[in-house]
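# Fold and geometry: a report
Here is how the chains run, residue by residue.
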Amino acid sequence: MEPVYHRLPVVDAGGMELHLPIVDLGPGPPRVCVVAGIHGDEPSPLVLVDRLVTLLRGRELRAGVRIVAAANMPALLQRARWSNWDDEDMNRIGDGGGGPAVTRRLAAAVVSACEGCEVAVNLHNFVMRTPLLAIMPPGQTEEHRARHEKYLAALDPHVVWVFGETPEDHRAFSGSLDAAIERRGVHVLAVEMADLPELDEPLIARALAGLMRVIALCGCLDDTERPPRRNRIDVHRRLVRAPGAGIFEPLAELGGKVAAGDIVGELIPLERPGARVPVYAPDPGWLIQRLGRRFVRPGDMIFTVGSPA
Ligand SMILES: [Zn+2]
């Protein structure tokens, strides 16, 4: 089934027209919307949606599947998390609140592109090496959690990041694009993965198989999909940031168990080569995300430890 490429007009930004690029596949209104490119420095979702369209065009679809190919074009063209046209983070402004800023109008367009669907899958990547990771958002009812669990079982990620339930966690989530889409009655699955240099074929395969099962679950495919592996872990996540500027050298194995106080990596300080600074795991658990060898600035994310949720 051939994809239909079209554009949702968003705004005439001073003589430059902005659109939301959409790919629709299958008959009837879309039941699933997969969104890539919310953050302009996260290119891995673009690889995934290319593979997904290629896979779906060879399949018989029972209902519509929509892909928002690049949600935040100004940020993508700047290869920055958000565009410097307005310095608004598309993931933190809900549905844009009717604001005139370009990113706000784009956020409103993404919300309306998802409207009417059963589920929206919002794809992101981290700079840290990251397995297929889905989010369990805070502040949800039992019913919502049960429904979320159904989609998680289909997606079958390596890791589920279970958010805390502090007022701060609730506030952060309620202002997100995901929450704005959910207020329109569309269930949201937020999915994270590794950045391009670490986006290997096994990770792409796992993500694609998961997306196909979610699409099948929504009634868009009736063929049997690859069975899930069901080896996921559900964790609370503790982030550790670079203590200074320099080169981070990873030592501990990604995905492995760590004890509190284990050395995860070392920082080669800019001003003191030969005087490496160890960086320790703060809690026991699994090393779920970690940078490869990278140049870091103070405060950059270097790894996360997941403890059982
Ligand atoms: Zn992101």
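Up top is the structure these notes are about.
Definitions and limits used
- Residues numbered from 1 in each chain as written.
- Predicted model: local features only at pLDDT ≥ 70, side-chain atom pairs only at ≥ 80, totals over all residues.
- Heavy atoms only, no water.
- Donors = N, O, S within 2.8 Å, 3.2 Å for Na, K, Ca; no water.
- Tetrahedral: all angles 85-135°; square planar, octahedral: opposite > 155°, others 65-115°.
- Helix = DSSP H or I, 4+ residues; strand = E, 2+ residues; numbered from the N terminus.
- Buried < 20%, exposed > 50% of the residue type's maximum accessible area, 1.4 Å probe, protein only.
- Core = buried A, V, L, I, M, F, W, Y, C linked by side-chain atoms within 4.5 Å.
- Contact = heavy atoms within 4.5 Å.
- Pairing = 2+ DSSP bridges.
- Axes fitted to C-alpha atoms, helices over the stretch in contact; angles between N-to-C directions.

Around the zinc ion, the protein supplies His39 (ND1), Glu42 (OE), Glu42 (OE) and His124 (ND1) as donor atoms, at distances of 2.0 to 2.3 Å. Metal-centred angles of 58 to 148° between the four donor atoms at the zinc ion mark the site as irregular. Donor residues for the zinc ion, ordered by position in the chain, follow H-x2-E-x81-H. A residue pair is termed long-range when its members are at least 10 positions apart, and His39 in the loop between β3 (30–35) and α1 (44–56) and His124 in strand β5 (residues 119–125) qualify at 85 residues. The residues His39 and His124 share a single accessibility class, namely buried.

Below, the discussion takes up the nonpolar core. Counting 43 residues, the largest nonpolar core has Leu52 and Leu56 as its most contacted members. At nine residues, helix α7 (residues 201–217) tops the list of elements feeding residues into this core. If we ignore the near neighbours within four places in the chain, the residues touching Leu52 are Val34, Ile67, Leu208, Leu211, Met212 and Ile215. In this structure, Val11, Leu106, Val111 and Cys117 belong to the second largest nonpolar core, which totals 27 residues.

Sheet architecture is open: twelve strands sit in the order β1-β2-β4-β3-β5-β8-β6-β7-β9-β16-β14-β11, paired in mixed fashion. The sheet is open, and its two edges are formed by β1 (4–13) and β11 (257–258), each paired on a single side. Inspection of the sheet shows β11 paired to strand β14 (residues 285–290) by two bridges, in the antiparallel sense. Along β14, the bridge assignment pairs Lys257 with Trp286. Here α1 sits on the sheet in contact with β1, β2 (16–25), β3, β4 (64–68), β5 and β8 (187–193), set at roughly 135° to β5. Across the sheet, helix α3 (residues 102–114) lies against β1, β2, β3, β4 and β5, angled at about 145° from β1, the strand it touches most.

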